[in-house]
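Listed below, chain by chain, are the residues.
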Amino acid sequence: MSAKKPSKSVSQRAIAFLLILQTILIGVNAENRLQQGDSPIEVLIWMINQCIPVLKQASSCQEKQKKILLPKHPRSEDK
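Structure report, in brief. As the structure is a computational prediction, the values presented were derived from the model and not from experiment.

Reading guide: rules and limits
- Residues numbered from 1 in each chain as written.
- Predicted model: local features only at pLDDT ≥ 70, side-chain atom pairs only at ≥ 80, totals over all residues.
- Heavy atoms only, no water.
- Helix = DSSP H or I, 4+ residues; strand = E, 2+ residues; numbered from the N terminus.
- Buried < 20%, exposed > 50% of the residue type's maximum accessible area, 1.4 Å probe, protein only.
- Areas by Shrake-Rupley, 256 points an atom, 1.4 Å probe, with all protein chains shown as cover.
- Salt bridge = Lys/Arg side-chain N within 4 Å of Asp/Glu carboxyl O.
- Core = buried A, V, L, I, M, F, W, Y, C linked by side-chain atoms within 4.5 Å.
- Contact = heavy atoms within 4.5 Å.
- Axes fitted to C-alpha atoms, helices over the stretch in contact; angles between N-to-C directions.
- Parallel < 35°, antiparallel > 145°, perpendicular 65-115°, else oblique.
- Expected span 1.5 Å × (residues − 1).
- Bend = angle between axes of the 7 residues up to and from the residue.

## Side note on the overall build of the protein chain
Phase 1: Along the protein chain, the regular secondary structure elements total two helices and zero strands.
Phase 2: Evaluated residue by residue, the protein chain yields a buried proportion of 8% over its 79 residues.
Phase 3: Accessible area of the protein chain: about 7200 Å², with a carbon and sulfur share of 62%.

Right, here's the structure in full:
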């Protein structure tokens, strides 16, 4: 018997898909910038600056998911 994994909601899957798509588009845009003659270092810096908001969004989604999944227990110091 296999253990059931908690199913992800449609909105969580959509958010994950959009974050992946955004990252792919950053890569495509970076490739275009390289082909237009931008230096690799400039493109790398640009990519890092573009990816920071994506990472923040992913982290925020992950934190929200943790809060939803963790059971709420009274704090031990409140006793």
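## Remarks on the pattern of salt bridges
Phase 1: Enumeration over the complete set of coordinates arrives at one salt bridge.
Phase 2: Put simply, aspartate 38 and arginine 33 hold a salt bridge, and the shortest N to O gap is 3.3 Å.

## Details of the nonpolar core
Phase 1: Core analysis: the biggest nonpolar cluster contains six residues, these being Leu19, Ile26, Ala30, Val43, Trp46 and Val54.
Phase 2: Secondary-structure elements contributing two or more residues to this core are α1 (10-35) and α2 (40-69).
Phase 3: Excluding its chain neighbours within four sequence positions, the residues that come into contact with valine 54 are Leu19, Gln22, Thr23 and Ile26.

## Here's the deal with the packing of α1 against α2
Phase 1: Where α1 contacts α2, the two axes come as close as 9 Å, and the packing angle between them is 175 degrees. With respect to their mutual orientation, α1 and α2 come out roughly antiparallel. Seen from α1, the contacting residues are Gln12, Ile15, Leu19, Gln22, Thr23, Ile26, Gly27, Asn29, Ala30, Arg33 and Leu34; seen from α2, they are Pro40, Val43, Trp46, Met47, Gln50, Cys51, Val54, Gln57, Ala58, Cys61 and Gln65.

## Topic: α1
Phase 1: With 26 residues, α1 should reach 38 Å at 1.5 Å per residue; the first-to-last C-alpha distance of 37 Å fits that figure.
Phase 2: Among all positions of α1, only Leu19, Ile26 and Ala30 are buried.
Phase 3: In the core, the buried residues of α1 are packed alongside α2.

## Observations regarding α2
Phase 1: Look at α2: 42 Å from first C-alpha to last across 30 residues, which is about the 44 Å you get at 1.5 Å a residue.
Phase 2: Remark: the principal bend of α2, roughly 25 degrees, maps to cysteine 51, with a proline, proline 53, within the next four residues.
Phase 3: Among the residues making up α2, those that are buried are Val43, Trp46 and Val54.
Phase 4: The secondary structure elements touched by the buried residues of α2 are α1.

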